[in-house]
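# A closer look at the structure
What follows is the residue order along each chain.
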Amino acid sequence: MNVNVEPAKLTPKDFASDQEVRWCPGCGDYAILKAMHKSLADMGAKLENTVFVSGIGCSSRFPYYMATYGFHTIHGRAPAIASGLKLARPELDVWVVTGDGDALSIGGNHLFHALRRNIDLNILLFNNEIYGLTKGQYSPTSRIGQKSPSTPMGSVDSPAEACTFALGCNARFVARGIDVQAKELGVLFSRAREHKGASFVEIIQNCIVYNDGAFSNFTEKDVAAEMQLHVKHGEPLLYGKDKNKGLRLNPKTLKIEAVVVGENGVTAGDILVHDEKNRVLAGLLAGLRPPQFPEILGVIYCDPAPSYEAQVAAQNAQARAKGPGDLDKLMRAGNTWSVT
Amino acid sequence: MNVQNVPKSELEAVVVRFAGDSGDGVQLLGSQFAQETALAGNSLATFPDFPAEIRAPTGTTYGVSAFQINFGSRVVKTAGDQPDVLVALNPAALMVNYKGLRKGGLIILDSGAFKDKDIKRAGFAVDPRTDGTLKEFRVLELDISAQALEVAKPFGVSQKEALRTKNLWVLGLVSWMYDRELNSTNEYVARKFGADDPIGQANLAALKAGHAYGETHEISGDISPVQMPSVKFEPGTYRLVSGAEALAWGLAAGAQLANLEALLASYPITPSSPILHILARLKQFGITTFQAEDEIAACCAALGASYAGKLGITASSGPGIALKTEAIGLGIGTELPLVVVNTQRAGPSTGLPTKTEQSDLFLSVWGRNADAPIPVVASRSPGDCFEVAIEAVRLAVKYMTPVMLLSDGYIANAAEPWRIPSMKDFKPFPVEFHKNTEGFHPFLRDPKTLARVWAVPGTPGLMHRIGGIERDYNSGNISYEAANHQKMTDTRAAKINNIANDIPEQGVEAGELKGKLAVVGWGSTFGPINRAVSNMRAKGLDVSHIHIRHIWPLPRNLGDLLKNFDKVLVAEMNNGQMLTLLKSQYLIDAKGLLKVSGQPLKIDEVESAIRSQLGAP
C-alpha cells in the first residue's frame with residue numbers, strides 16, 4: 001500500500017552538521033549560524049538543494065557547520081565558484097558566506113562582478129572590521145587609526161563601506177543586520193533568498209578577540225534604540241526610544257540630516273519615507289554611520305531585475321530548441337572533401 | 001622546387017609565404033588559399049605568423065603579418081623551413097621576410113607600395129630592388145595597388161576599400177599559379193558581404209582580375225602555372241581544421257562521451273580565445289560558456305560547475321594559467337574533475353603573445369604549491385587536439401582530478417587537412433554520480449582507480465562539506481592529523497601515478513624500438529622531428545622518433561624504451577624542460593635541441609642535430 005507521507009518539517013537542529021563548531025567562545029558567528037539554522041527551517045528549505053560556499057577566514061568556516069551541501073574554497077573566490085555552481089545548477093539555493101577581508105580585499109573583484117551580473121546568489125558578508133584568522137591585522141573596513149600588528153601606529157587608509165560598495169556595483173538587493181539580532185537577520189535571510197538575482201547582506205559581527213566592542217556604540221543595549229534605525233519600505237525613517245528622531249533631506253546640500261520631530265520646527269512631514277526601490281535614497285542611507293547618525297539596518301535597497309543565470313539559461317534553451325547538437329554533422333559542415 | 005621554370009610542371013611540395021601590413025588581410029588571404037589547396041586534395045600545413053598589435057602603424061616592420069603554407073603532393077608535416085615564394089605587399093613585409101627565403105626563390109612584390117618613404121620606413125637605406133639586396137632571388141614586380149584600384153573603380157567604393165582588395169587580387173594570381181579552384185573563396189566573399197554589397201563585388205572582381213592577370217599576361221618565364229597532384233590520403237571525409245577548432249570540438253565530444261553537460265569559463269587571452277569563441281556557439285551541445293571577470297574567476301567558476309556535476313573547463317595561456325594555480329590546487333585537494341587548457345605562448349610574463357613556445361611544461365607538471373600532481377597531456381598537431389581533448393576529459397572524470405591539456409600558439413592557429421572522425425568510433429565513458437546513502441562519505445574511493453565518489457548537490461541524503469583544508473581519509477571531514485596528511489598526500493600521488501596503467505605504452509613514430517639515437521619530442525614539434533628523422537633514415541642513419549602525448553604520468557615503458565638507445569636527443573621549444581624531466585625520471589644522459597625564438601622548429605635544424613649526434617657528415 002502506498003501512503004503519501006508528508007515529510008516531517010525540518011527543525012533548526014536538522015540544519016546543523018555533526019561537526020564541532022570551532023569559533024572562539026563569544027564570537028558573533030555563533031549567533032549568525034543559529035539564526036541561519038532557524039531561518040532555513042522556517043523557510044522550509046531542503047537540505048539537499050541548499051549549498052553554502054565560502055572563501056577563507058573565520059566566517060568562511062560556516063559551511064562546515066551546516067548540514068546542507070557546502071564548499072569551503074579559497075581566499076576571496078567564493079563568489080566566482082558559486083557563480084559556476086549556480087550557472088550549472090540554477091535550481092539550487094546558493095549562499096555565499098564571506099568576511100570583510102575575503103570579500104572586499106582579496107576578493108573585491110569577484111564580489112563586484114557577481115553583484116553587477118546579478119547572478120542569483122545570497123551573499124552574506126560578516127563584517128568585523130578586522131582580520132581574525134590571521135591574528136588581528138586591520139582590514140579594508142577598519143576605521144582610520146585602527147591599531148593592529150600590521151599598523152602599530154594606526155592605519156591610515158580610508159575604509160571601504162560594504163553596502164555603499166555593493167550599491168556602486170549595481171547590486172539589486174542590499175541589506176544590513178547585526179549578528180545578535182536573530183529575528184531581524186531571519187527576515188533578511190528570507191528576503192535575500194526570495195530575491196531573484198544577487199542579494200547582498202552585510203552582517204555587523206563582533207570579533208571578541210581582536211576587535212571587541214568595535215560596534216558597541218550602536219549595538220549595546222543601552223544605546224541600541226537611539227543608535228539603530230530599522231528601515232521598512234513605506235515607513236518614515238524614524239528611530240529612538242520615543243520614535244521622535246528621524247532623517248530628513250536637506251534639498252540644498254543633498255545631504256541627510258538627523259533631526260528631532262517637534263524641535264526646531266521639524267514636523268513629521270519632514271521625515272523621509274523609506275522606499276526600497278529608490279537607489280538614490282539607498283545610496284544616501286548606506287553611507288550614514290554612527291556616531292553622527294544611527295546605524296541603518298534592514299533592507300536598504302531592493303529592486304529586482306532579470307538574473308544572470310536565468311538569462312543564460314534562456315539563451316541555452318533557445319539554442320537547444322532546434323534539437324540536440326550533432327557533432328558528426330557539425331564537423332562535416334562547410335568545406336569538406338572525400339577520399340575514396 | 002621549380003615552380004617557375006617548367007610550364008605545367010608537377011611539384012612535390014612548395015612553401016609560399018604571404019606578407020603585408022597587419023591591415024592588409026594577409027591572414028584571410030592565406031587561410032582562403034589553404035582552403036582551396038585542401039579542396040584540391042593536397043596535403044598542407046599552415047603557419048599564421050602575426051604581430052600582437054591589431055593594427056600597427058602602416059608600413060612598419062613590427063606591423064608585418066605573415067601567413068606561410070607548405071603544400072604538396074606528398075604528405076606535408078610542417079609549414080616548411082624556407083619559403084620558395086614570398087609575396088610582399090609592402091617594403092616592410094619584404095624587409096622582415098626576404099632573408100628567410102630559399103636562395104633562388106621567387107619574390108612577388110607590389111611595386112605600387114614601394115614609394116621612397118615606404119622604403120625608408122621599412123628600414124632600407126636604398127631601394128632594395130636596385131642595389132643588389134635581392135640578387136639571390138628572382139623578383140617579379142607587379143603594381144598590385146594600381147590593379148586593385150582600377151578593378152574596384154566601377155563599384156564606387158572608397159580608395160581605402162579599393163586598396164583593401166589587394167589580398168583578393170593576390171589570391172587570384174596565386175590560385176592561377178597553382179591551378180586552384182576559386183569556388184570556395186567566391187562563396188566566402190558572397191557570404192561575408194552579401195550579394196549586392198559593392199565592397200563584396202569589388203573583392204570578387206579583384207579575385208577574378210588577379211587570376212585573369214596570370215592567364216593573360218605573358219609573365220611565364222617569371223611565373224607559370226604548375227600542377228600538383230593530390231595526395232593519396234586514407235579514405236574518408238576530410239576538412240581543414242585549426243587546432244583551436246579541433247580542441248573545442250574535442251572538448252564537446254569528451255563531454256558527450258562522458259554524458260555530461262559542460263561549462264567553459266574563460267577570460268580572453270591570446271592565443272587561447274578562439275576556444276571560448278567556438279564553444280560559445282555550441283550551446284546546443286549542452287555547453288554553457290562564461291566569460292569571467294578574470295583568469296582566477298574563470299578557473300573557480302569551472303570548478304564550481306564540476307562540483308555541481310557538470311564538466312568544468314577553463315582555457316587560457318601561460319600567464320592566465322599562472323593565475324589559476326591556486327584554484328587548480330583546490331581542485332586537486334577536493335578531487336574534482338576539471339580540464340585546464342593551456343595554449344602555450346612565448347614568455348615569461350607577457351612575452352611574445354602571438355608567438356609559439358612549449359615552455360609551460362614545468363608549470364603544468366610541477367607548477368603548484370605543495371605536492372599537487374595532475375595528469376598532463378599534449379597535442380601534437382591541429383587535428384590531434386580532438387583526440388587529446390577527449391583523453392583529457394576521460395582522465396578528469398575517471399580519476400576525479402584536474403587535467404592540464406597542452407596546446408600551443410602554433411597548433412592553435414595552424415590548419416591541416418583532417419580526416420573527420422565519427423563519434424561512433426569513440427568508446428563512451430559515461431559518468432555515474434554517487435547516489436547510495438549507505439555508508440556514504442565524500443572521500444569514498446574506487447579501490448582500483450583511487451578516484452573518490454562524485455556526489456553532487458541536489459542529491460538527497462548525500463549532503464556533505466568539502467574544502468581546501470585537508471580532509472580525513474575515512475570521512476572527508478576536516479583533519480589536521482599528521483598521519484592523515486601523509487596518507488592523503490600519498491593517495492593523491494598514487495592516484496595520478498596509477499594513470500600510467502591506463503594509457504598506452506610508448507611506441508616510436510619512426511624507426512626502430514632500439515638503436516643509436518632516439519629523438520624525443522612532445523607537442524607541436526611532431527612535424528619537423530618526424531620529417532627530419534624520416535629523411536635521415538632514408539640516408540641510412542640509425543635514428544628513431546619518440547613523441548610523448550602523456551606528459552604526466554609518463555608512459556610506463558618509456559624509461560626502458562629510452563635505455564634501448566645509445567643516445568637520446570630531446571628536441572623542444574623551451575630551455576630544456578622535457579629534457580630535465582626525463583633526466584630526473586630515468587637518470588639518462590639525454591641531450592637537448594632547444595629553441596626559443598617564438599618560431600617553430602625547422603626540419604633542417606633537427607637534421608643537423610641528428611647528424612651531429614651520430615657524427616655523420
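Described in the following lines is the structure provided in the data block. Every chain is numbered independently, its residues counted from 1 as its sequence is written. Think of it this way: whatever chain is written first is A, whatever ligand is written first is 1, and the rest follow in order. Whole-chain, interface and lining totals are the exception, using all residues; otherwise, since this is a predicted model, local features are given only for residues with pLDDT of at least 70 and side-chain atom pairs are given and counted only at 80 or more. To get the side-chain values, all heavy atoms of the structure are used, and hydrogens and water are removed first.

## A word on the overall build of chain A
- Numbering of helices and strands runs from the N terminus; a helix is a DSSP stretch of H or I covering at least four residues, while a strand is a stretch of E covering at least two. Scanning chain A from terminus to terminus reveals eleven helices and twelve strands.
- For chain A, the spread of C-alpha atoms along the principal axes amounts to about 95 × 60 × 50 Å.
- Only protein chains enter the accessibility calculation, which uses a 1.4 Å probe; a residue is then buried when its area is under 20% of its type maximum, exposed when over 50%, and partly exposed in between. Going through the 340 residues of chain A one by one, you find that 53% of them count as buried.
- Any two residues whose heavy atoms approach within 4.5 Å are treated as being in contact. Excluding contacts between residues fewer than 6 apart, the proportion of contacts in chain A whose partners are at least 24 apart in sequence is 65%.
- The Shrake-Rupley method, run with a 1.4 Å probe sphere, supplies the accessible areas, and residue values consider only the shown protein chains as cover. Per element, the accessible surface of chain A, about 15,200 Å² overall, is 55% carbon and sulfur.
- When charges are tallied, Lys and Arg are placed among the positive residues and Asp and Glu among the negative ones, while His and the ends of the chain are skipped. In plain terms, the charge of a residue is placed at NZ if it is Lys, CZ if Arg, CG if Asp and CD if Glu. Charge centroids of chain A, computed over 36 positive and 35 negative side chains, lie 4 Å from each other.

## Examining the sheet that holds strand β17 (residues 543-548) of chain B
Residues and elements named next belong to chain B.
- The criterion for strand pairing is that DSSP finds at least two bridges linking the strands in question. Strand order in the open sheet formed by four strands is β17-β16-β19-β20, with parallel pairing between adjacent strands. The outermost strands of the open sheet, each flanked by one partner alone, are β17 and β20 (591-594). In this sheet, neighbouring strand axes are inclined to one another by 25 degrees on average, regardless of whether the strands run parallel or antiparallel.
- Pairing of strand β19 (residues 565-572) with β20 involves four bridges; the strand directions are parallel. The partner of Val 570 across the bridge, within β20, is Gly 592.
- Contacting β16 (515-522), β17 and β19, helix α17 (residues 526-538) crosses the sheet at an angle of about 165 degrees to β17. Each axis is a line fitted through C-alpha atoms, and for a helix only the stretch in contact is used; angles between axes span 0 to 180 degrees, taken between their N-to-C directions.

## Some points on a nonpolar patch on the surface
All names here are of chain A.
- A cluster of nonpolar residues, Ile 208, Val 209 and Tyr 210, forms a patch on the protein surface that exposes about 230 Å² of accessible area.
- Within the element layout of this structure, Ile 208 appears in the loop between β6 (199-204) and α7 (216-219).
- Overall, the relative accessible area of 33% leaves Ile 208 in the partly exposed class. Any residue with relative accessible area above 30% and no salt bridge may belong to a patch, with like charges joined within 9 Å and the nonpolar Val, Leu, Ile, Met, Phe, Trp and Tyr side chains within 5 Å. By definition, a salt bridge exists where a carboxyl oxygen of Asp or Glu is found within 4 Å of a side-chain nitrogen of Lys or Arg.

## Observations regarding the pattern of salt bridges
All names here are of chain B.
- Applying the stated criterion to the full structure yields 46 salt bridges over all chains.
- Two residues, Glu 234 and Arg 419, come together in a salt bridge whose shortest N-O distance is 3.3 Å. Of this pair, Glu 234 sits in the loop between α8 (198-216) and β7 (236-242) while Arg 419 sits in strand β14 (residues 415-419), and the two are 185 residues apart along the sequence.
- Accessibility expressed as a relative area gives 52% for Glu 234, which makes it exposed.
- Given a relative accessible area of 40%, Arg 419 falls into the partly exposed group.

## A word on the interface of chain B and chain A
- Opposite the 70 residues of chain B that make contact, chain A presents 55 residues.
- Buried area between chain B and chain A, both sides added, is near 5,300 Å², and the carbon and sulfur share of it is 62%.
- A quick way to say it: buried area is the sum, across both parts, of accessible area lost when two parts are put together, with a 1.4 Å probe. In terms of surface lost to chain A, no three residues of chain B exceed Lys283(B), Glu293(B) and Arg465(B), which account for 13% of the buried area on that side.
- Across the contact surface, chain B and chain A share two salt bridges.

## Some points on the pairing of strand β13 (residues 402-408) of chain B
All names here are of chain B.
- Counting buried positions over the seven residues of β13 gives seven, a clear majority of the element.
- Neither face of β13 is open: one carries Pro 402, Met 404, Leu 406 and Asp 408, the other Val 403, Leu 405 and Ser 407, and all of them are buried.
- Pairing analysis gives seven bridges linking strand β11 (residues 338-344) to β13, with the strands arranged parallel. The residue of β13 that forms the bridge with Val 340 is Met 404.
- Relative to β13, strand β12 (residues 376-378) runs parallel, the two sharing three bridges. Note on β13: the bridge partner recorded for Val 377 is Leu 405.

## Thoughts on the environment of Val87(B)
Residue and element names in this part refer to chain B.
- Among the structural elements, Val 87 can be located in strand β4 (residues 85-88).
- Assessed through its relative accessible area of 2%, Val 87 is described here as buried.
- Remark: the alpha-carbon pair of Val 87 and Leu 311, spanning 224 residues in sequence, is separated by 45 Å.
- Among all residues touching Val 87, those that are not within four sequence positions of it are Arg 17, Phe 18, Ala 19, Ile 108, Val 170 and Val 174.

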